[in-house]
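Here is what each chain is made of, one letter per residue.
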Amino acid sequence: MEAKFLDIGGSKTLRLAARESAEAAIEGALPLPAGIRLGDIEPLCAAARVEAAAATAHDGRIDIEGKLKVSVIFRNAVREMIPSGDGADNANEDTAAAEKGGATLTIYREIGGAFTSGAAFKYSIACDAAREGMRAEVTAYVTSCTLSAAGELMLSAVAGLDCAVYDTSPLPMLNGIDGAECEMKHECICTCTETMIGQSETDFETETALPAGTEPLFASGECSVRSVTPGGDTAIIEGQLCLDLLLCSRAGLTAHAVQFPFTIEAELDSRAEGDAYATVSLKDIYISPADASSGIAAVRARLAVSIYQTEQSETAICTDAFIPYHSCQMQTESASIMQRMRRKTFRYTLSENIPLPDGTDGAKSAICCAAMPYVTTAEVKNGVLSIEGIITLNCALRTAEPNALTFASQLPFLCETQYTGADADAADASVKCLSCTLMLTGGMLTAECVLELSAVPYTLTGMTIVSAAGEAEPVKRQRAIIVYFASANETRFDVAKRYSLPVSSIAAGGDTLCEGEKLTFLC
């Protein structure tokens, strides 16, 4: 007799070794672009996001390397002489000087700008279950980001790190025995995998009308995918580019949100055999006036596209086995098998009042805000996918004083949507803010955020897998008629194994027996 085995290691049978979470403090000086001096600017708000992160498993630890992309909005005030009647009516009343005479008006014109900088970080998380060669994944997000000026522009940020370690070593599973009748008990697991089938970059160009009397200074944003249609060697991706613009006018700095639809034809490395899923991210963005007087701005963006094939598969796991009429010791391995479900992506609009800090009676209007959302928990219960999280808002308000009022606030959110599938205790979920608008009306500050959330629910099933078979020895017995009464949750396989008989010799109404069910068979 010779046992046969299958290797069930790999992406379709994910064996979770451990999950670990940590918070990494990231501090240091941000490099300033050429031509900008720290003494000439007043930082208003900053937004940071993890642009790239990778995890590597070692014995007893997980090493993480990443990079933050930090966008900084600043302003400075300069005294400017303008002709009387030429834009004076549009000047900010709170910053206009009370000097008026002759053919000129002296005002303080609020000007500013923005720039993008970066900071790299490394972090290690202790993990007893981690081993060299295991596969490690990390989801990284920013929970807070503040700036200070102390000779240099200093960044202080906190990054949340959620890590998963998977055992990808070969795992043999019994698949029969040559020369003997082998009875095997199987448990079926279903999982959905996402395999990359295409990756590329593309340029996107368009134009947008600006509010009257404004000039564009800076743009940042996110991409949202609405549909993916694979066909042959390409896929058509339709979506929306959502931009937050920083504009300058005689009234000062202001924020403005715009959206542009896009259609991308992306090349595929291999044909999609099933459903497809895609991500589009904004790598670079440039905005400039199309000409001096048209009120039109030209937008040029570089988009990174990744396309994944989604495939649902079933794997039958041998959890128990025996050889009828023989004594044979089966060896088993315990594993925690992850069963991933289909991805769900949806939008949610959150509108909340923000408490103003003490001493904000002089706040006149909102200048800008930066939103950094992250997920804390996600689950599926009774057909509803629920995702909870927090949005960290860095806000800047205009006051009658020379300096702006800047502060941070946190908004909790709970987003729910219908989900077709089994209940799941957890989900790998992410969130991005497509737009964030800050409004100050009648002393009440309101933030409206449009979020896009994406989640892959999963369940963890502890399983015992038959991984080896010992020597089989015939069992001597005396023939007898057995009358047996089944216990709760017992199966025909369990009874057959107890008496070392073929399962087919146990006559019953079904494989799962009722408690107290009477069985009569020859042993």
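Reference entry: report on the structure contained in this document.

Rules used in this analysis
Residues numbered from 1 in each chain as written. Predicted model: local features only at pLDDT ≥ 70, side-chain atom pairs only at ≥ 80, totals over all residues. Heavy atoms only, no water. Helix = DSSP H or I, 4+ residues; strand = E, 2+ residues; numbered from the N terminus. Rg over C-alpha atoms; globule rule 2.2 N^0.38 Å. Buried < 20%, exposed > 50% of the residue type's maximum accessible area, 1.4 Å probe, protein only. Contact = heavy atoms within 4.5 Å. Areas by Shrake-Rupley, 256 points an atom, 1.4 Å probe, with all protein chains shown as cover. Lys, Arg positive; Asp, Glu negative; His and termini not counted. Charge placed at Lys NZ, Arg CZ, Asp CG, Glu CD. Phe/Tyr/Trp six-rings, centres within 6.5 Å; stacked < 30°, edge-to-face > 60°. Pairing = 2+ DSSP bridges. Axes fitted to C-alpha atoms, helices over the stretch in contact; angles between N-to-C directions. Salt bridge = Lys/Arg side-chain N within 4 Å of Asp/Glu carboxyl O. Patch = residues over 30% accessible without salt bridge, like charges linked within 9 Å, V, L, I, M, F, W, Y side chains within 5 Å. Core = buried A, V, L, I, M, F, W, Y, C linked by side-chain atoms within 4.5 Å. Disulfide = S-S within 2.5 Å.

Okay, the overall build of the chain next. What the chain contains, in helices and strands, is one helix and 24 strands. Computed over its C-alpha atoms, the radius of gyration of the chain comes to 31 Å, more than 25% above the 24 Å expected for a compact globule of 523 residues. Along the first, second and third principal axes, the C-alpha atoms of the chain reach 125 × 50 × 40 Å. Within the chain, the fraction of its 523 residues that count as buried is 45%. Looking at the chain alone, contacts between residues at least 24 apart form 78% of all its contacts between residues at least 6 apart. Approximately 25900 Å² of the chain is accessible, and the part contributed by carbon and sulfur atoms is 45%. On the chain, the mean spot of the 39 positive side-chain charges and the mean spot of the 68 negative ones are 3 Å from each other.

With that settled, consider the packing of aromatic side chains. Two numbers describe a pair of aromatic rings. These are the distance of the centres and the angle of the planes. For the coordinates displayed, the defined rule picks out six aromatic pairs. Through pairs of rings, three or more aromatic residues link up here, namely Tyr-484, Tyr-499 and Phe-521.

Glancing now at the sheet that holds strand β11 (residues 215-231). Read across the sheet, three strands follow the order β11-β12-β13 without closing on themselves; strand pairing throughout is antiparallel. Whereas interior strands pair on both sides, the edge strands pair on one side only; in this sheet they are β11 and β13 (252-267). Averaged over all pairs of adjacent strands, the angle between their axes in this sheet comes to 15°, without regard to strand direction. Direction of pairing for strand β12 (residues 234-249) relative to β13: antiparallel, over a ladder of 16 bridges. Within β13, the residue paired with Ile-236 across the bridge is Glu-265.

For the rest of this paragraph, the subject is the sheet that holds strand β15 (residues 296-322). Spatially, β10-β15-β14 is the arrangement adopted by the three strands of the open sheet, whose pairing is antiparallel. Edge positions in the sheet fall to β10 (183-209) and β14 (275-289), since each has one partner strand and no second. Looking at each pair of strands side by side, their axes are set apart by 10° on average, direction ignored. In the sheet, β14 pairs with β15 via 14 bridges, with the strands oriented antiparallel. Across the sheet, the residue bridging to Ala-278 is Ile-307, located in β15. Sheet contacts for helix α1 (residues 492-499): β10 and β15; angle to β15, the most-contacted strand, approximately 40°.

The subject of this paragraph is the pattern of salt bridges. Two side chains that carry opposite charge are able to pair once their charged atoms sit near each other. The full count for this structure, using the stated rule, is 21 salt bridges. Across the salt bridge formed by Arg-19 and Asp-428, the nearest N and O atoms sit 3.1 Å from each other. Of this pair, Arg-19 sits in strand β2 (residues 14-29) while Asp-428 sits in strand β21 (residues 426-441), and the two are 409 residues apart along the sequence. On the basis of relative accessibility, which here comes to 33%, the residue Arg-19 falls in the partly exposed class. Salt-bridge contacts for Lys-432 lead to Glu-452; the nearest nitrogen and oxygen are separated by 3.7 Å.

Look at any regular strand and the pattern is simple: side chains alternate between the two faces of the sheet. The pairing of strand β16 (residues 326-340) with strand β22 (residues 444-474) spans 14 bridges and is antiparallel. By the bridge assignment for β22, Met-338 is matched with Leu-460. Of the strand pairs in this sheet, β21 and β22 are connected by 15 bridges, and their pairing is antiparallel. Residue pairing in the sheet places Ala-429 in a bridge with Ala-455 of β22. A loop of two residues connects β21 with β22, the two strands running antiparallel in sequence, and Gly-442 in this loop sits at a positive phi of about 60°.

This brings us to the environment of Val-299. Turning to its location among the elements, Val-299 is positioned in strand β15. Placed 20 residues apart in sequence, Val-299 and Thr-279 show a C-alpha to C-alpha distance of 21 Å. Look past the residues within four positions of Val-299 in its chain and what remains in contact with it is Phe-204, Glu-205, Thr-206, Thr-208, Leu-243, Phe-260, Ile-285, Tyr-286 and Ile-287.

Together, Ile-481, Val-483, Phe-485 and Leu-522 make up a nonpolar patch on the protein surface, roughly 420 Å² of accessible area in all. Here the element with the most residues in the nonpolar patch is strand β23 (residues 481-485); it accounts for three residues. In this structure, Leu-522 sits in strand β24 (residues 518-522). The exposure class of Leu-522 is partly exposed, given its relative accessible area of 45%.

The backbone of Asn-382 shows a phi angle near 55°, a positive value even though the residue is not glycine. The residue Asn-382 is located in the loop between β18 (363-381) and β19 (384-399) in this model. The backbone phi angle of Ser-500 is positive, close to 55°, even though this residue is not glycine. Along the polypeptide, Ser-500 turns up in the loop between α1 and β24.

Membership of the largest hydrophobic core comes to 37 residues, with the highest contact counts inside it found for Ile-62, Ile-64, Leu-68, Val-70, Cys-145 and Leu-155. Elements with a minimum of two residues in this core: β2, β3 (42-58), β4 (61-83), β6 (104-126), β7 (135-149) and β8 (153-166). It is β8 that contributes the most residues to this core, seven residues altogether. Those residues in contact with Val-70 that sit more than four places away from it in its chain are Leu-30, Ala-46, Ala-47, Ala-48, Phe-115, Thr-116, Ser-117 and Leu-155.

Evaluation of the coordinates by the stated rule reveals zero disulfides. Not part of a disulfide, Cys-368 finds its nearest cysteine sulfur in Cys-45, a span of 3.4 Å. By relative accessible area, which is 5% here, Cys-368 ends up buried.

As for its position among the elements, Thr-491 is in the loop between β23 and α1. With residues near it in sequence (within four places) discarded, Thr-491 still touches Lys-185, Asp-511, Thr-512 and Leu-513.

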